[in-house]
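Per-entry structural report
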Amino acid sequence: MKKKLLAAYIAAALLFIFGVIGTLLLLRSPALNVVEITRDDEVLYTFDLTVAQDQVIRVDYNDSYNLIEIKDGQIRVREAGCKDNTCVKMGWLSSSAPVVCLPNHLVIRFSSQQDGIDAIAG
């Protein structure tokens, strides 16, 4: 009985450790500097944050909008015309989890493609 209980504790501990490691790997900052701004799987802009100038980009959608800020090699949604502003609250893009504005169908994410940059701030 004690062996089964010990095995259950070890299995639970290993599961917890692997869960923590998996979460850290998922949320770690990617080594990529190229970001894509997309809407409905269409790439609107691609930026290399290492060379992009500080700027604010307005992306309109129907009667709404997003103001996307690039500053000091980082990118975020600074302001949005949607009601919930979840995308604004997400802050600077810093992990493999994208910044998403569902009402405006907008996604900002790191891109694995290093070639074919559409736009560089300027």
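That block above? That's the structure.
Residues numbered from 1 in each chain as written. Predicted model: local features only at pLDDT ≥ 70, side-chain atom pairs only at ≥ 80, totals over all residues. Heavy atoms only, no water.

**As for the pairing of strand β2 (residues 42-48)**
Threshold: DSSP calls a pair of strands paired once it identifies at least 2 bridges connecting them. A run of H or I in DSSP counts as a helix once it spans at least four residues, and a run of E counts as a strand once it spans at least two, with each numbered from the N terminus.
Pairing analysis gives six bridges linking strand β1 (residues 34-39) to β2, with the strands arranged antiparallel. Considered in β2, the bridge of Arg39 is made with Glu42. Following β1, the chain reverses through two residues before pairing antiparallel with β2; Asp40 in that reversal takes a positive phi of roughly 50°.

**As for the pattern of salt bridges**
Formally: Should a side-chain nitrogen of Lys or Arg be within 4 Å of a carboxyl oxygen of Asp or Glu, the pair is scored as a salt bridge. Residue burial is assigned from relative accessible area. The probe radius is 1.4 Å, only protein chains are included, and a residue is buried under 20% of its type maximum, exposed over 50%, and partly exposed in between.
Inspection of every chain in the model, using the stated rule, returns three salt bridges. The shortest N-O distance in the salt bridge between Glu36 and Arg109 comes to 3.7 Å. Note that Glu36 is positioned in strand β1 and Arg109 in strand β7 (residues 106-110), a separation of 73 residues in sequence. Take Glu36: its relative accessible area is 11%, and that puts it in the buried class. Accessibility expressed as a relative area gives 29% for Arg109, which makes it partly exposed. With a closest N to O distance of 2.7 Å, Arg58 and Asp60 form a salt bridge.

**Notes on the sheet that holds strand β3 (residues 55-61)**
Paired through their backbone hydrogen bonds, the strands of a sheet run either parallel or antiparallel. Spelled out, the test is: Angles here are taken between N-to-C directions and fall from 0 to 180 degrees, while the axes themselves are lines fitted to C-alpha atoms, restricted in helices to the stretch in contact.
Across the sheet, which stays open at both edges, the three strands sit in the order β3-β4-β5 with antiparallel pairing between neighbours. Two strands lie at the open edges of the sheet, namely β3 and β5 (74-80), each paired on one side alone. Taken over all neighbouring pairs, the strand axes of this sheet differ in orientation by 25° on average, direction set aside. As paired elements, strand β4 (residues 64-71) and β5 share six bridges and run antiparallel to each other. Bridging from a neighbouring strand, Asn66 pairs with Ala80 of β5.

**Here we look at the nonpolar core**
Burial of nonpolar side chains together is a common tendency in soluble globular proteins. Using the following cut-off: The nonpolar core is taken to be a set of buried Ala, Val, Leu, Ile, Met, Phe, Trp, Tyr and Cys residues, with the residues joined through side-chain atoms within 4.5 Å.
Ranked by internal contacts, the top residues of the largest apolar core, which has 20 residues, are Ile68, Ile75 and Ile108. When residues of this core are traced back to their parent elements, those giving at least two are β1, β3, β4, β5, β6 (99-101) and β7.

**Notes on the packing of aromatic side chains**
Heads up, the condition is: Here a pair means two rings of Phe, Tyr or Trp (six-membered ring of Trp) with centres within 6.5 Å. Their orientation is stacked below 30 degrees between planes, edge-to-face above 60, and tilted elsewhere. Counted as over-ring charges are cases with an Arg CZ or a Lys NZ within 6 Å of the ring centre that also lie within 35 degrees of the ring normal.
Going through the model one piece at a time under the given rule, you end up with one aromatic pair. Its guanidinium or amino end placed over the ring of Tyr65, Arg58 lies 4.4 Å from that ring's centre, counting from NZ or CZ.

**Structural notes on the pairing of β7**
It is a general feature of regular strands that their side chains alternate between the two faces of the sheet. Most of β7 is tucked away: four of the five residues are buried. In this sheet, β7 lies alongside β1 in antiparallel orientation, the contact comprising five bridges. By the bridge assignment for β7, Glu36 is matched with Arg109. Where β6 meets β7, three bridges bridge the pair, whose relative direction is antiparallel. The residue of β7 that forms the bridge with Val99 is Ile108.

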